Amino acid sequence: MIRGDKTYNSYVQILKEELIPAMGCTEPIALAYAAAKAREVLGDRPECVHIGVSGSIIKNVKSVIVPNTDGLKGIPAAVTAGIVAGKAEKELEVISEVSKEQTEEMKQFLNNTKIEVEHIDNGIIFDIIITLSSGENSSQVRIANYHTNIVSIKKNDEILFEVPVEGEKEEGLTDRSILNVEDIWEFVNIVEVKDIYNILKRQIDYNTTIAKEGLRNSYGANIGSTILASYGKDIKNRAKAMAAAGSDARMNGCELPVIINSGSGNQGLTCSLPVLEYAKELNVSEEKTYKALALSNLIAIHQKTSIGRLSAYCGAVSAGAASGTGIAYLHGGDYSAIIHTLVNALAIVSGIVCDGAKASCAAKIAVAVDAGILGYEMYIHGQQFYGGDGIVSKGVEKMIQNVGRLGKEGMRETNEEIIRIMQTC
């Protein structure tokens, strides 16, 4: 790989596509985005709303507070926010500008409007169909496979825009199958920081700001501040606490944006903030910090490519393991250190399930970051897990494939059972 060749440019583009801003949990925000677009197409405030969503959307929206709604939760609240106050052109920051008057309008709309939610199954994990009607007019917007991927827009009986949905392909994005750990390592070592500076600078600024807010004020179960109060403020605890505090805030109504990774704000926080804490502790150069962030982010994206954006497999695991590789790099670790850190971390915590977005995500993040750190500590002490230990295989790519198979195929029915359990709670 050389700077400027196709693979190099693709890696830079993947970072650009994945590390984007979002306010609040990304699944409710995707609902708000679709609703804002549907209202824009309708041209009027709707009288009736029909919301079709796949099971994983139900799971990830049920328990999380939608920002700028005065504490509202759930699918109708997310869609209402998009209808009343959304600006579709802002995509995942669609409800970042909401007035007090609009917040009151949301409550009135929820109370006075017929809103139906339907669990749909079109054979894909990520599926949202919003249908609005007012008088004789109607509009419909569908998002599929990832959070901003509008695949269909209709008004009345006219199709305004449509692209085919071919299974769970991510139409319009750079091919993620080119990612592999060896090439990621090569990219990190040759990348000109100026090529990724703006992408990662925004991640540093946004994610640090919300983490500090999570430590400063009370959000959810306050996992970040609990870690510091209970276990002290050494670097390992600070790394876990910062990532957890960012999640504390964003899962519980904080109106600050984050930079996401693989469609998830929690994963964006997890693969960046621990690396930044270690970079400060070790007093490394800005260049090394940015390269460590690039490594962590790309390793996280690579893992999630085979798992999928939504699954019963907790995404914090992938991001926590990825943060371990960034921490290893900051310590001067070579390629061997990176791959052993990753495999060790995945062997430790690959059993954590995703039961939707909510306050406990912050605690899962702390555990995942701890596994990433332990994975590196094992390596430097000459310890490792070996092929044949459970799902561990010889070779880092084979291990990533195993985890992808577990998360995407093996846990498919687990995901449905989690959804069924959540609907009875």
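Just above sits the structure.
Summary of the structure given here. The structure presented is a predicted model; accordingly, all values stated were derived computationally and were not measured.

Examining the overall build of the protein chain
When you go through the protein chain residue by residue, the secondary structure sums to 17 helices and eight strands. Against the globule reference of 22 Å for 425 residues, the protein chain gives a C-alpha radius of gyration of 21 Å, in line with a compact fold. With the C-alpha coordinates aligned to their principal axes, the bounding extent of the protein chain is approximately 70 × 45 × 45 Å. Looking at the protein chain residue by residue over its 425 residues, the buried ones come to 58%.

Some remarks on the packing of aromatic side chains
According to the stated counting rule, one finds five aromatic pairs in the structure shown. Counting every residue linked through ring pairs, the aromatic cluster contains Tyr-8, Tyr-11 and Phe-187. Residue placement shows Lys-288 over the ring face of Tyr-329; its charged tip is 5.7 Å from the ring centre.

Overview of the nonpolar core
Leu-31, Val-79, Ile-128, Ile-130, Phe-187 and Leu-298 are the most contacted members of the largest nonpolar core, which totals 125 residues. Counting residues per element, this core draws most heavily on helix H2 (residues 26-42), which supplies 11 residues. Counting seven residues, the second largest nonpolar core, distinct from the first, contains Ile-223, Leu-228, Ala-241 and Ala-366.

Comments concerning the environment of Pro-28
As for its placement among the helices and strands, Pro-28 is situated in helix H2. Residue Pro-28 is classed as buried on the basis of its relative accessible area of 1%. Each C-alpha atom of the pair Pro-28 and Glu-118 lies 15 Å from the other, and the pair is 90 residues apart in sequence. Setting aside residues up to four positions removed in sequence, Pro-28 forms contacts with Asn-60, Val-61, Val-64, Val-66 and Ala-78.

Things to note about the sheet that holds strand E3 (residues 114-119)
Strand order in the open sheet made by the six strands is E3-E2-E4-E5-E6-E7, with mixed pairing throughout. Each edge of the sheet is formed by a strand with only one pairing partner; in this case those strands are E3 and strand E7 (158-162). Neighbour-to-neighbour, the strand axes of the sheet open up by a mean angle of 10°, direction not taken into account. Pairing of strand E2 (residues 48-53) with strand E4 (residues 127-134), which is carried by six bridges, proceeds in the antiparallel orientation.

So, the pairing of E2
Summarising the sheet, E2 and E3 pair through six bridges and their orientation is parallel. Among the inter-strand pairings, His-50 is bridged to a residue of E3, identified as Glu-116.

A closer look at helix H11 (residues 273-282)
In terms of residue burial, H11 counts as a mostly covered element, since seven of its 10 residues are buried. Burial in H11 covers these residues: Leu-273, Pro-274, Val-275, Leu-276, Glu-277, Tyr-278 and Ala-279. One or two residues past the end of H11 sits Asn-283, with phi positive at roughly 55°.

Section: the environment of Pro-274
With respect to the helices and strands, Pro-274 occurs in helix H11. The class of Pro-274 is buried, set by a relative accessible area of 0%. The spatial distance from the C-alpha of Pro-274 to the C-alpha of Gly-320 is 8.7 Å, given a sequence separation of 46 residues.

Examining helix H15 (residues 361-380)
In a regular helix each residue adds 1.5 Å, so 20 residues correspond to 28 Å; H15 covers 29 Å between its end C-alpha atoms and thus fits that length. Among the residues trailing H15, Gly-382 stands out with phi positive, at a value near 75°.

Observations regarding unusual backbone geometry
Across residues other than glycine, the phi torsion is negative in most instances, and most of the peptide bonds are trans. Although it is not a glycine, Asn-68 adopts a positive phi angle of roughly 60°. Residue classification places Asn-68 among the buried positions, given a relative accessible area of 10%. Even without glycine at this site, Asn-156 takes up a positive phi of about 55°. By the element assignment, Asn-156 lies in the loop between strand E6 (150-155) and E7.

Some remarks on the pairing of E4
By the criterion of burial, E4 is predominantly enclosed, with six of the eight residues buried. Of the pairings in the sheet, the one linking E4 to strand E5 (residues 137-144) comprises eight bridges and is antiparallel in character. Of the residues in E5, the one forming a bridge with Ser-133 is Ser-138. Where E4 folds back onto E5 in an antiparallel hairpin, the turn is made up of two residues, including Gly-135, whose phi is positive at roughly 60°.

Side note on the packing of helix H7 (residues 193-216) against helix H9 (residues 235-251)
Interaxial distance between H7 and H9 falls to 7 Å at its minimum, and their mutual angle equals 80°. By the angle between their directions, the pair H7 and H9 is classed as roughly perpendicular. Taking contact as the criterion, the partners of Thr-208, Ile-210, Ala-211, Lys-212, Gly-214 and Leu-215 in H7 are, on H9, Ala-241, Met-242, Ala-245, Gly-246, Ala-249 and Arg-250.

The rules behind each value
Residues numbered from 1 in each chain as written. Predicted model: local features only at pLDDT ≥ 70, side-chain atom pairs only at ≥ 80, totals over all residues. Heavy atoms only, no water. Helix = DSSP H or I, 4+ residues; strand = E, 2+ residues; numbered from the N terminus. Rg over C-alpha atoms; globule rule 2.2 N^0.38 Å. Buried < 20%, exposed > 50% of the residue type's maximum accessible area, 1.4 Å probe, protein only. Phe/Tyr/Trp six-rings, centres within 6.5 Å; stacked < 30°, edge-to-face > 60°. Lys NZ or Arg CZ within 6 Å of the ring centre and 35° of its normal. Core = buried A, V, L, I, M, F, W, Y, C linked by side-chain atoms within 4.5 Å. Contact = heavy atoms within 4.5 Å. Pairing = 2+ DSSP bridges. Axes fitted to C-alpha atoms, helices over the stretch in contact; angles between N-to-C directions. Expected span 1.5 Å × (residues − 1). Parallel < 35°, antiparallel > 145°, perpendicular 65-115°, else oblique.

Any link to function would need more than the numbers given here.
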